[in-house]
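The residues making up each chain are set out below.
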There are 2 protein chains.
Amino acid sequence: MAEEIAVENISVCLRRYIKDQQPVESDMEIVKSEVTLRLSEGTQDVLVQNLYLSPDPYMRNRMREIFTSYLPPFEPGKPIAGFGVAKVILSDHPDFQIGDIVTGIVSWEKYSVIKGGLGLRNVSHIDVPLSFHIGILGLPGLTAYAGFFEVCKPKKGEQVFVSAASGAVGQLVGQLAKLAGCRVVGSAGTDEKVELLMTRLGYDDGFNYKKEANLSEALKRYFPEGIDIYFENVGGKMLEAVLDNLKVHARIAVCGMISQNLSEHGEGIRNLSQLIVKRAKMQGFLMTDYLHLQEEFTKFMLSHLKEKKIIFIEDVVDGIENAPHAFIRLLQGKNIGKQIVHL
Amino acid sequence: MAEEIAVENISVCLRRYIKDQQPVESDMEIVKSEVTLRLSEGTQDVLVQNLYLSPDPYMRNRMREIFTSYLPPFEPGKPIAGFGVAKVILSDHPDFQIGDIVTGIVSWEKYSVIKGGLGLRNVSHIDVPLSFHIGILGLPGLTAYAGFFEVCKPKKGEQVFVSAASGAVGQLVGQLAKLAGCRVVGSAGTDEKVELLMTRLGYDDGFNYKKEANLSEALKRYFPEGIDIYFENVGGKMLEAVLDNLKVHARIAVCGMISQNLSEHGEGIRNLSQLIVKRAKMQGFLMTDYLHLQEEFTKFMLSHLKEKKIIFIEDVVDGIENAPHAFIRLLQGKNIGKQIVHL
Ligand SMILES: NC(=O)c1ccc[n+]([C@@H]2O[C@H](COP(=O)([O-])OP(=O)(O)OC[C@H]3O[C@@H](n4cnc5c(N)ncnc54)[C@H](OP(=O)(O)O)[C@@H]3O)[C@@H](O)[C@H]2O)c1
Ligand SMILES: NC(=O)c1ccc[n+]([C@@H]2O[C@H](COP(=O)([O-])OP(=O)(O)OC[C@H]3O[C@@H](n4cnc5c(N)ncnc54)[C@H](OP(=O)(O)O)[C@@H]3O)[C@@H](O)[C@H]2O)c1
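Keep in mind it's a predicted model, so treat the numbers as computed, not measured. (Residues numbered from 1 in each chain as written. Chains lettered and ligands numbered in written order. Predicted model: local features only at pLDDT ≥ 70, side-chain atom pairs only at ≥ 80, totals over all residues. Heavy atoms only, no water.)

Peer 1: What is the right way to look at the site of ligand 1 in this model?
Peer 2: Residue and element names in this part refer to chain A. Around ligand 1 sit 25 residues, and of these Val169, Lys193, Tyr209, Met287 and Asn335 come closest. Backbone polar atom of cysteine 255 to a nitrogen atom of ligand 1: 3.0 Å apart, as the coordinates give it. About the coverage of ligand 1: the protein hides 89% of its 900 Å² of free accessible area. Contributing elements (two or more residues each) for the shell around ligand 1: α1 (139-152), α2 (168-179) and α8 (323-331). Split by residue class, the shell around ligand 1 holds 16 nonpolar, 8 polar and 1 charged. Shared between two domains, the shell around ligand 1 holds at least three residues of each, these being domain 1 (5-135 + 314-342) and domain 2 (139-288). (Near = heavy atom within 4 Å. Polar contact = N/O pair within 3.5 Å; in protein donor to acceptor, adjacent residues only side chain to side chain. Areas by Shrake-Rupley, 256 points an atom, 1.4 Å probe, with all protein chains shown as cover. Helix = DSSP H or I, 4+ residues; strand = E, 2+ residues; numbered from the N terminus. Nonpolar A, V, L, I, M, F, W, Y, C, P; charged D, E, K, R; others polar. Domains from an automatic or database assignment.)

Have a look at this one:
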């Protein structure tokens, strides 16, 4: 029998459930333990070393005790979990070999045992940065691709507005809109991000929503003839302002409402009767409904990356100990591009 | 030259613009005048005697000075106008002969001159009550037909909820839902109307929303597994409650929001993030976008009427002098079925 090695594990655990308010760093805690690099036979378990972790906005819903969302709550005292890229250290699963690079849901810790290899996927395109598999080739990538092409159904020449426009999803939607021949304007929460929209992401225009006293007036400035497509990432007052500026037959793809607190009901949104006047459509979607597009989407993104017709901006924080900070700064809008934790 | 006959005309005129509040009877006034039954040659004008007038909820928008909607405001001192059924008295238009029964937009008066015959349509199916041409075969009919089949896209066995369920549009949506093999529940504002839903309109169930302290709880009672299709006629708190009770991939056809005051913004609606969780669609529509379905829709309604597979309940008020009352009682929910004014 091979020698069993014990190594230090470092985990990010949920300290306590949050209520309706935004989570803070101290809602998580760093826990050190020892892990024996060993797997029992016949389990199909896979032991991985995590390389990149993805803090994502949806994770705050799992920090609440209530099961209102599509995923169960995290457990206090146990590591939180999310998408990650990892290297296989030991494997009892026929599909995964030692040294393989995999992606899937992993716990926020240095080493994770993935029971039965559940949800793991081998990563074949290793000619791009590995972190891209939780970015442009992962959750935010497929979200932008499916949300824009399948839900918004863009037509050449249409007027597109994107909120949280420089974020993981938003930066891609903007570029997809340009590829589809649309005019695209984005909003973001700092001048630096707005600058990025135009200089690197190909947006036609952009504005800092925090500097606008009246969002509806701001939108009228950028869309004097109205908005055909709104890619909704934030909700609240921005949605209300967009409803006030729709063109006939407009479409709103509701991807996220990150500005809303976690209370079950959210803020009241006015102007909804504009949906009738403008014969407009507002459609919520989840990327998980579009997994059948995985292959075409991966092809699309890889070929556009290679031809430099699309770029992907990341905001990398180093060290598992800094993962709680990375997560919270994302929710505070401090990330510039896709927030990543590099281990 | 033929003898010119002068007769008394009675008109319902707008007295003054309304603001954000609901209109009242005294916002309109009855004006008597004389009209000479004569047309100038070469004008293509048509002089009609109105037989039935249709008070419709959208008309209150035309009583405001602001042009926010898709039709211009009425003018104070001039007759208001809406859909009607009329008889041709004189015609300078090749398509219309004396004695023809026509439908289209007419002024609220006994006799109207329709400039160039604009928007008039000959009514060929005179084997149904003439008033049906502004009901089941007119605006509310096509609204229900297009809204339910084209926007809601029902599937057999789905759970359908209709508000203002016994009204002109609602009573038809309920029956269409049954024809499509759905389970359908309606809400209305009196016990008498709710009774009608089940005894005459084929609804599976119904409730008086004015007697419910908590609309979301009420919906949970009638839809323990959630709502697939909501045909939205009222807006406000009912919409909020429906959003709380959606099934995955639910569809909301936004036909009207009659509960909302006329302020430009309306009430704030919470629970919109449920659109994401349930991957649901909310789509506003106007019947005028579906005029290309006129022929198929007319065929459908006529054959179902003949086979007694569909019925249409009307609430008729007699006399043009009572037209303001008929309009206001509609907005107050006192109508049982399609509100009609019979001249
Ligand atoms: N439906 C799906 O399947 C799916 C999948 C992935 C993500 N999403 C959603 O997509 C949206 C974007 O996610 P992402 O991963 O790309 O995140 P991200 O945009 O990279 O980061 C979140 C950004 O949201 C903005 N934000 C934070 N708080 C805000 C507030 N109170 N008001 C307005 N904006 C605020 C900040 O940018 P600013 O500087 O612009 O404020 C922040 O940088 C989120 O709503 C997320 O839940 C949905
Ligand atoms: N999109 C289109 O093209 C189109 C075309 C036609 C009509 N519409 C809309 O469809 C809806 C129904 O129109 P309709 O012609 O069939 O009228 P209706 O249902 O025959 O009459 C209106 C009914 O609305 C209900 N109501 C009135 N005030 C209300 C309030 N504050 N809260 C809740 N319910 C209220 C009342 O019934 P209860 O007893 O149930 O309260 C009333 O009987 C309206 O919203 C109208 O604007 C849209």
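Peer 1: Teacher, can you tell me more about the site of ligand 2 here?
Peer 2: Residue and element names in this part refer to chain B. Val169, Lys193, Tyr209, Met287 and Asn335 are the nearest of the 26 residues found near ligand 2. Residue methionine 287 places a main-chain N or O atom 2.7 Å away from an oxygen atom belonging to ligand 2. Of the residues in the shell around ligand 2, the class split is 16 nonpolar, 8 polar and 2 charged. Each of domain 1 (5-135 + 314-342) and domain 2 (139-288) contributes no fewer than three residues to the shell around ligand 2.

Peer 1: Can you walk me through the environment of Asn208(A) in this structure?
Peer 2: Residue and element names in this part refer to chain A. Relative to the assigned elements, asparagine 208 resides in strand β10 (residues 205-208). Judged by its relative accessible area of 10%, asparagine 208 falls in the buried class. For the pair asparagine 208 and glutamate 192, spaced 16 residues apart in sequence, the C-alpha separation works out to 9.1 Å. Apart from residues no more than four positions distant in its own chain, asparagine 208 is found in contact with Ala188, Gly189, Thr190, Asp191 and Val194. Here lysine 210 takes part through its backbone nitrogen, which lies 2.9 Å from a polar atom of the side chain of asparagine 208. (Buried < 20%, exposed > 50% of the residue type's maximum accessible area, 1.4 Å probe, protein only. Contact = heavy atoms within 4.5 Å.)

Peer 1: Help me out: how do you make sense of the sheet that holds strand β8 (residues 159-162) of chain A in this one?
Peer 2: The strands that make up a sheet pair up through hydrogen bonds in the backbone, lying either parallel or antiparallel. If you trace the 12 strands from one edge of the open sheet to the other, you get β10(A)-β9(A)-β8(A)-β11(A)-β12(A)-β13(A)-β13(B)-β12(B)-β11(B)-β8(B)-β9(B)-β10(B), paired in mixed fashion. Two strands bound the open sheet, and with one partner strand each, they are β10 of chain A together with β10 (205-208) of chain B. Averaged over all pairs of adjacent strands, the angle between their axes in this sheet comes to 15°, without regard to strand direction. The sheet strands contacting helix α3 (residues 191-199) of chain A are β9 (183-188) and β10 of chain A, and the helix crosses β10(A) at an angle near 175°. The strands that helix α4 (residues 215-222) of chain B touches are β8 (159-162), β9 (183-188), β10 and β11 (227-232) of chain B; relative to β10(B), the one it contacts most, it runs at about 160°. (Pairing = 2+ DSSP bridges. Axes fitted to C-alpha atoms, helices over the stretch in contact; angles between N-to-C directions.)

Peer 1: How should the packing of aromatic side chains be read in this particular structure?
Peer 2: Any two aromatic rings considered together are summarised by their centre-to-centre distance and by the angle between their planes. This model, assessed by the stated rule, comprises 26 aromatic pairs over all chains. Here Phe285(A) and Tyr290(A) contribute two aromatic rings whose centre-to-centre distance is 6.4 Å and whose plane-to-plane angle is 75°, an arrangement assigned as edge-to-face. Here Phe285(A) falls in the buried class, since its relative accessible area comes to 2%. The exposure class assigned to Tyr290(A) is buried, which follows from its relative accessible area of 14%. Between Phe161(B) and Tyr230(B), the aromatic rings sit 5.3 Å apart at their centres with planes inclined by 15°, giving stacked as the arrangement. Of this pair, Phe161(B) sits in strand β8 while Tyr230(B) sits in strand β11, and the two are 69 residues apart along the sequence. Phe161(B) gets classed as buried once you look at its relative accessible area, which sits at 0%. (Phe/Tyr/Trp six-rings, centres within 6.5 Å; stacked < 30°, edge-to-face > 60°.)

Peer 1: When you look at the relation of the copies chain B and chain A in this model, what are you seeing that I'm missing?
Peer 2: Each of the two chain copies goes to the other by way of a rotation about an axis and a shift along it. Superposing chain B onto chain A requires a rotation of 180° together with a translation of 0.0 Å along the rotation axis, leaving an RMSD of 0.0 Å. Here the symmetry operator amounts to a two-fold rotation axis. Every residue of chain B has its C-alpha some distance from the rotation axis, and the shortest such distance is that of Gly268(B), at 1.9 Å. Comparing contact sets, 100% of the residues at the interface of chain B also lie at the interface in chain A, consistent with an isologous, same-surface contact. (Least-squares fit on C-alpha atoms with pLDDT ≥ 70 in both.)

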